[in-house]
Amino acid sequence: MRELNEINRELDLNNQKILELLNQHLSLKAEIMKTKKEGGLPILEELAVLEERIPGFQDSPYEVELREIFHKIQQAGKRVGSKCLFDFNIALIGFMGAGKSTVSRYLKNMLAMDEVDIDAMIVKDQNMAIKDIFATHGEEYFRKCESEAIIRLKDCRQSVISCGGGAVIREENVTNLKKISRIVLLTATPETILSRVKESDERPILNGNMNVEFIKELMAKRADYYRKAADVIIETDSKSMNQICEELIKALILLEKQEKK
Ligand code: S3P
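Source: prediction; values computed, not measured. (Residues numbered from 1 in each chain as written. Predicted model: local features only at pLDDT ≥ 70, side-chain atom pairs only at ≥ 80, totals over all residues. Heavy atoms only, no water.)

Enquirer: Explain the site of the ligand to me, and be specific about the residues and the numbers.
Expert: The environment of the ligand is made up of 13 residues, and the closest members are Lys 100, Arg 143, Gly 165, Arg 203 and Arg 222. The contact in question runs from an oxygen atom of the ligand to an N or O atom on the side chain of Arg 143, over 2.6 Å. Here Gly 165 contributes a backbone N or O atom positioned 2.8 Å from an oxygen atom of the ligand. (Near = heavy atom within 4 Å. Polar contact = N/O pair within 3.5 Å; in protein donor to acceptor, adjacent residues only side chain to side chain.)

So this is what it looks like as structure tokens:
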């Protein structure tokens, strides 16, 4: 049996090595992201699953614990990468069904950014579904909640913010979103929108109006608000989620470069 002191000394040394290696790991992640950013390379290539890259991973008696640790390391690496990409939040705007929530989830998974959904904040605050808020208190009340939720985001960092489709109709919301984020408008044709929203009855504005004509008309009424608020516009029709997000990131990088000139 070894002396406890000796084992502890070895453990201390071990911790130092781990720390050193983790530092190196995160620096490499930062370097990879900067290289991709500078070189205009695809940002979101699917990461090879770590376990597959590390021989013997599965043979360890501590497999479960190692998986947990590596998951955390992977998340930290993604976060370091996303900090190299942007030092601002990304606010997603656009018509209902334009893909804001899906894009947000994808960016969260790929870049470990935090996800903020303004509708979800309202549902939580009010303890009521959006359609019930509309039915009980009316649209004006919902819009007031929406504006208040946006104000509360002022300390938000490293986040993708999904805004409800009507959020940018109020100018104060645009002003407050611009203070904390770059605004990305996602667009889709009325036909695509209908195909994405038709099965849901969660959007009170579309209930009873689930047709291309209504969507087209409302979209036309809102078009100027959307375009005026947007820093970047991304069309989503017939594109994969990866394509949409790569385009979005490229456009934001370009915007940053232009602003720095
Ligand atoms: C609305 C869009 C909805 C939600 C509410 C009102 C709108 O959000 O905020 O039903 O006026 O366009 P999504 O765009 O996420 O569906």
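The structure having been displayed, the exposition proceeds.
Enquirer: Which residues make up the packing of helix H4 (residues 100–111) against helix H11 (residues 241–260), and what values do they have?
Expert: The geometry of a pair of packed helices is captured by two quantities: the angle between their axes and the separation between those axes. Between H4 and H11, the least distance of the axes is 10 Å, while the angle of their chain directions is 80°. As the angle between them shows, H4 and H11 are arranged roughly perpendicular. Contact residues: H4 offers Thr 102, Val 103, Tyr 106, Leu 107, Met 110 and Leu 111, while H11 offers Met 241, Asn 242, Ile 244, Cys 245, Leu 248 and Ile 249. Grouping the amino acids of the contact of H4 with H11 by side-chain chemistry returns ten nonpolar, two polar and no charged. (Axes fitted to C-alpha atoms, helices over the stretch in contact; angles between N-to-C directions. Helix = DSSP H or I, 4+ residues; strand = E, 2+ residues; numbered from the N terminus. Parallel < 35°, antiparallel > 145°, perpendicular 65-115°, else oblique. Contact = heavy atoms within 4.5 Å. Nonpolar A, V, L, I, M, F, W, Y, C, P; charged D, E, K, R; others polar.)

Enquirer: Please set out the packing of aromatic side chains residue by residue, giving values where relevant.
Expert: Enumeration over the complete set of coordinates arrives at two aromatic pairs. Each ring, one from Phe 86 and one from Phe 88, has its centre 5.2 Å from the other, and the planes form 45°; the classification is tilted. One exposure class covers both Phe 86 and Phe 88, and it is buried. A centroid spacing of 4.9 Å and a plane angle of 40° characterise the contact between Phe 134 and Phe 142, whose relative ring orientation is tilted. Taken as a pair, Phe 134 and Phe 142 share a single burial class, namely buried. (Phe/Tyr/Trp six-rings, centres within 6.5 Å; stacked < 30°, edge-to-face > 60°. Buried < 20%, exposed > 50% of the residue type's maximum accessible area, 1.4 Å probe, protein only.)

Enquirer: Could you give an account of helix H1 (residues 4–39), with specific residues and numbers?
Expert: Compared with an ideal rise of 1.5 Å per residue, which puts 36 residues at 52 Å, H1 spans 52 Å between its outermost C-alpha atoms and is within 8% of the ideal. What H1 keeps buried is the set Lys 29, Ala 30, Met 33, Lys 36 and Lys 37. Trailing H1 by a residue or two, Gly 40 shows a phi angle of about 65°, which is positive. (Expected span 1.5 Å × (residues − 1).)

Enquirer: Summarise the environment of Ser 195; cite the residues concerned and give the values.
Expert: Here Ser 195 lies in helix H9 (residues 190–197). Residue class for Ser 195 comes out partly exposed when judged on its relative accessible area of 42%. Residues Ser 195 and Leu 92 lie 103 residues apart in sequence; the distance between their C-alpha atoms is 20 Å. Within the structure, Ser 195 has its side chain in polar contact with the backbone oxygen of Thr 192 (distance 2.7 Å).

Enquirer: Please provide a residue-by-residue account of the pairing of strand S1 (residues 89–93), values included.
Expert: Within S1, five of the five residues are buried, which leaves the element mostly enclosed by the surrounding structure. Across five bridges, the pairing between S1 and strand S4 (residues 181–187) is parallel. Residue pairing for S4: Ala 91 is matched across the bridge by Ile 183. Pairing between S1 and strand S3 (residues 159–162): three bridges, direction parallel. When the bridges of S3 are listed, Leu 92 appears paired with Ser 162. (Pairing = 2+ DSSP bridges.)

Enquirer: Describe the pattern of salt bridges, with residues and values.
Expert: Tallied over the full model, the rule gives 17 salt bridges. Among the ionic pairs, Glu 140 bridges to Arg 170, the shortest N-O distance being 3.2 Å. Remark: Arg 170 occurs in the loop between S3 and helix H8 (171–180) and Glu 140 occurs in helix H7 (residues 139–151); sequence separation between them is 30 residues. The exposure class assigned to Glu 140 is exposed, which follows from its relative accessible area of 56%. Arg 170 gets classed as partly exposed once you look at its relative accessible area, which sits at 24%. The partner of Asp 155 in a salt bridge is Lys 154, with the nearest N and O atoms 3.8 Å apart. As far as the burial class goes, Asp 155 and Lys 154 line up, both exposed. One continuous salt-bridge network, built from bridges that share partners, spans Arg 2, Glu 6 and Glu 10. (Salt bridge = Lys/Arg side-chain N within 4 Å of Asp/Glu carboxyl O.)

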